[in-house]
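Chain residues, written in single-letter form:
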Amino acid sequence: MPPTSRVRSRASCACLLLLLGLPAFAAAQIVPSTPVTTAGGRLTVSGEMSASLSGHDEYYFNYSDYDYSMLRQVRFDGAGAFRVGPRLSLLADVRVEGAVGGGSWRVRPYALFVRLRPWPRREVDVQAGLIPPVFGAFSRRAYATDNPLIGFPLGYQYLTSLRHDALPVSADGLLLMRGRGWRTRYGVGNPAPDHGVPLMDGLDYQTGVEVHAGSEPIEASVALTAGSLSVPSLDTAAGGVQVSGRVAYKPVPGLRLGASASHGPFVARTVVDSLEGSGLATSNGQTAVGADIEYSFGYWVLRSEAIYSRWRIPAIAAPLVSDPLRAFAVYFEGRYRIRPGLYAAARVDRLDFSDITGNAGTMPWDAPVRRVEAGGGYSLSRNVLAKMVYQYNWRRGVIERRAGLASAQLLFWF
Amino acid sequence: MLRRLLTLASTLAAAAGVLLPARASFVPSAASPGTLRGRVDVRNAMMAPEPRPGISDLGVDLAYEGMDRRRTVVYFESAPQPAFEEGGEMHATMKQQNETFVPHLLAIRVGTIVDFPNGDPFFHNVFSLSKVKRFDLGRYARGRSKSVRFDEPGIVRVFCDIHAHMNAFILVFSHRFFAVTDDEGRYRIERVPPGSYTVVAWYEGIKQDSRTVTMAGDGRTVEADFTLR
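Quick caveat: nothing in here was measured; it's all calculated off a predicted structure. (Residues numbered from 1 in each chain as written. Chains lettered and ligands numbered in written order. Predicted model: local features only at pLDDT ≥ 70, side-chain atom pairs only at ≥ 80, totals over all residues. Heavy atoms only, no water.)

**Topic: the overall build of chain B**
A count of helices and strands for chain B gives two helices and 20 strands. Counting contacts in chain B only where the partners sit at least 6 residues apart, residues at least 24 apart contribute 65% of the total. Accessible area of chain B: about 10,300 Å², with a carbon and sulfur share of 50%. (Helix = DSSP H or I, 4+ residues; strand = E, 2+ residues; numbered from the N terminus. Contact = heavy atoms within 4.5 Å. Areas by Shrake-Rupley, 256 points an atom, 1.4 Å probe, with all protein chains shown as cover.)

**So, the interface of chain A and chain B**
If you look at the interface, chain A gives 60 residues, while chain B gives 35 residues. The tally of links between chain A and chain B comes to five salt bridges. Its salt-bridge partner being Arg337 of chain A, residue Asp136 of chain B comes within 2.5 Å of it at the nearest N-O pair. (Salt bridge = Lys/Arg side-chain N within 4 Å of Asp/Glu carboxyl O.)

**Here's the deal with the nonpolar core**
Counting residues in hydrophobic clusters, the biggest one holds 48 residues, and the most contacted among them are Leu162, Phe266, Trp311, Ile313, Leu325, Leu351 and Trp365 of chain A. Sorting the residues of this core by element identifies helix H3 (154-157), strand E7 (166-167), helix H4 (171-176), helix H5 (269-274), strand E14 (300-312), strand E15 (325-339) and strand E16 (342-353) of chain A as the ones contributing at least two each. Those residues in contact with Leu162 of chain A, other than ones at most four positions away along the chain, are Leu174, Tyr186, Gly196, Val197, Phe266, Trp311, Ile313, Leu325 and Trp365 of chain A. Counting 21 residues, the second largest nonpolar core, distinct from the first, contains Phe116, Val126, Phe135 and Phe150 of chain B. (Core = buried A, V, L, I, M, F, W, Y, C linked by side-chain atoms within 4.5 Å. Buried < 20%, exposed > 50% of the residue type's maximum accessible area, 1.4 Å probe, protein only.)

**A few points about a nonpolar patch on the surface**
Together, Ile218, Val247, Tyr249, Leu257 and Ile293 of chain A make up an exposed nonpolar region whose accessible area comes to about 400 Å². If you trace the backbone, Val247 of chain A turns up in strand E11 (residues 242-249). (Patch = residues over 30% accessible without salt bridge, like charges linked within 9 Å, V, L, I, M, F, W, Y side chains within 5 Å.)

**Comments concerning the sheet that holds strand E10 (residues 124-129) of chain B**
Strand pairing in a sheet relies on backbone hydrogen bonds. The paired strands run either parallel or antiparallel. Residue and element names in this part refer to chain B. In spatial order, the strands read E8-E14-E13-E10-E11; together these five strands make up an open sheet with mixed pairing. Whereas interior strands pair on both sides, the edge strands pair on one side only; in this sheet they are strand E8 (105-109) and strand E11 (134-140). The sheet shows a mean angle of 20° between the axes of neighbouring strands, direction not considered. For E10 and E11, the ladder comprises five bridges, and the chain directions are antiparallel. Paired with Leu129 across the bridge in E11 is Arg134. (Pairing = 2+ DSSP bridges. Axes fitted to C-alpha atoms, helices over the stretch in contact; angles between N-to-C directions.)

**Section: the pairing of E11 of chain B**
The buried count for E11 of chain B comes to six of seven residues, which makes it a mostly enclosed element. Linkage of E10 of chain B to E11 of chain B, two consecutive antiparallel strands, is achieved through a turn of four residues.

**Focus on the pattern of salt bridges**
Following the criterion strictly, the structure yields 33 salt bridges over all chains and no others. A salt bridge links Glu48 of chain A to Arg52 of chain B; the nearest nitrogen and oxygen atoms lie 3.0 Å apart. Of this pair, Glu48 of chain A sits in strand E2 (residues 43-54) while Arg52 of chain B sits in the loop between strand E2 (34-42) and strand E3 (73-76), placing the two residues on different chains. Judged by relative accessible area, which is 14%, Arg52 of chain B ranks as buried.

**Considering the side chain of Lys387 of chain A**
All names here are of chain A. Of note, Lys387 is situated in strand E20 (residues 384-396). Glu48 provides the closest opposite charge to the buried, salt-bridge-free Lys387, at an N-O distance of 7.9 Å. At 3.0 Å, the side chain of Lys387 and the backbone oxygen of Leu149 are in polar contact. Leave out the neighbours within four places in its chain, and Lys387 touches Ala144, Asn147, Pro148, Leu149, Ile150, Tyr343, Gly376, Gly377, Ser407, Ala408, Gln409 and Leu411. (Lys, Arg positive; Asp, Glu negative; His and termini not counted. Polar contact = N/O pair within 3.5 Å; in protein donor to acceptor, adjacent residues only side chain to side chain.)

Okay, structure coming up:
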């Protein structure tokens with residue numbers, strides 16, 4: 001093991017040990033058990049620490065765009081809200097995270113925005129900065145405590161073979177990378193091997209402005225942000241702005257219906273610039289629609305969400321990728337509280353892709369994926385939660401890949 | 001840290017006192033029972049916890065107003081034997097209102113049934129992981145209520161699974177010699193037989209004070225004030 005890897009590995013282990021010791025500290029009330037409020041009630045700070053462990057994910061089913069498995073990571077999360085006045089707040093969330101047993105650590109602002117209610121008597125709010133994505137329901141579950149399992153839904157995490165900074169020259173180039181979303185390489189744009197993009201990036205917030213109106217039972221939000229759902233990045237095509245919206249309706253307590261839509265530029269500015277003058281650069285963008293439902297009663301919470309995404313990329317050479325590339329992800333999730341402090345949960349998840357035609361025939365442009373994840377959680381104390389989950393994945397590419405992964409997560413929050 | 005541990009140790013000792021109240025040595029006689037009253041002054045009272053920052057919310061949260069938390073429980077660490085034998089089914093209520101448990105602090109006797117009605121236009125999920133009483137009432141809507149009977153003495157912390165900032169205390173006693181202070185910190189415990197008692201003022205599990213009080217048996221009112229720093 002190289003020295004740097006050893007240092008990283010030791011750092012990971014130290015963080016893990018620190019986290020594993022937290023239940024004792026929490027029980028002894030040495031660390032806070034509720035959000036800390038100070039500055040006369042204006043500043044509220046909360047934290048969340050989690051460590052997830054699993055076997056090696058050799059087929060990269062759970063890798064995120066941070067190049068490590070979501071089932072093998074340590075994360076420290078500090079969130080704060082500062083109430084400047086009755087109608088203005090500043091919110092921030094800073095995360096320190098890295099892979100267990102090596103890999104790079106990163107410190108990044110996850111959220112950083114102002115929240116304003118311009119008219120006190122009207123239910124209209126404005127948020128600006130690094131804001132939460134408007135699209136989707138799983139995006140609202142920012143804290144790990146909101147996820148009854150450990151893995152993310154495929155639509156929010158699974159890396160497709162599509163990249164925004166590199167394009168396949170032809171349909172054959174794209175089909176060659178089927179099922180290799182964790183490391184793809186294409187002939188146009190960035191020549192370095194790198195990961196693809198998920199349907200929606202569930203790990204990053206978006207830069208822009210959002211307006212929210214209404215309250216229960218119906219509310220709506222519209223946002224103008226940089227990039228697209230897959231790549232909420234500032235380096236997507238110049239002049240393009242993502243427009244996204246969401247409507248949520250709660251007809252009765254416990255039932256929420258949601259619908260979302262989004263359209264924005266997808267291909268990186270550098271790639272678009274390199275195609276300038278060829279007439280190809282205009283074909284660029286991601287359009288997505290989503291629907292979600294949540295129903296809870298008694299000891300049950302049931303959720304389902306579907307995302308349909310369509311990407312347009314420049315068709316450069318034959319056989320052409322002339323039609324938009326489509327993908328559809330859907331999951332069903334349920335949680336049941338068996339007894340105080342103990343619950344069971346399961347999620348069934350699938351991700352499908354549209355067909356394209358290459359010299360080898362017609363087939364989905366990326367390998368379809370299925371996932372079943374089931375497990376449970378036990379609260380060691382009110383704010384220390386241990387989860388045990390088993391996940392089984394299938395990927396139907398040229399070679400079918402299957403992987404069963406047992407994972408555990410220890411989570412502390414205040 | 002040492003200070004925190006000492007505070008914790010004293011809190012646990014207090015909890016043990018509530019769990020296993022000793023029988024006080026008192027002389028049954030024809031003497032008149034008295035009244036114990038006084039005031040508890042809480043310095044640096046805790047603020048009600050705010051919700052976790054809603055970083056994924058798309059708009060302003062429901063206006064949340066944390067309640068003032070200056071109420072304490074004053075109780076006898078030891079009590080006359082007959083006090084443990086007084087029975088009868090009792091009822092108490094802890095409502096969920098504006099994302100707050102009302103009251104935040106409830107003191108009851110063993111055997112009391114506590115109702116938890118939901119007064120908010122959305123779901124709550126009342127639960128407790130306390131060793132004294134573990135329960136989970138599930139999610140239920142406005143206008144509905146569920147109940148829990150408390151059969152063991154001790155301290156029960158109550159939370160909502162949906163709204164993490166909601167929390168409350170229920171102190172369960174084996175005897176009737178306890179009182180929750182009012183808005184101004186005053187308390188009153190009546191019909192106290194003659195004898196010498198250790199009286200404790202308890203606040204949120206983090207502050208407490210105790211003193212010995214002697215009831216002469218002449219029917220008079222005895223004053224005992226506390227200051228919790």
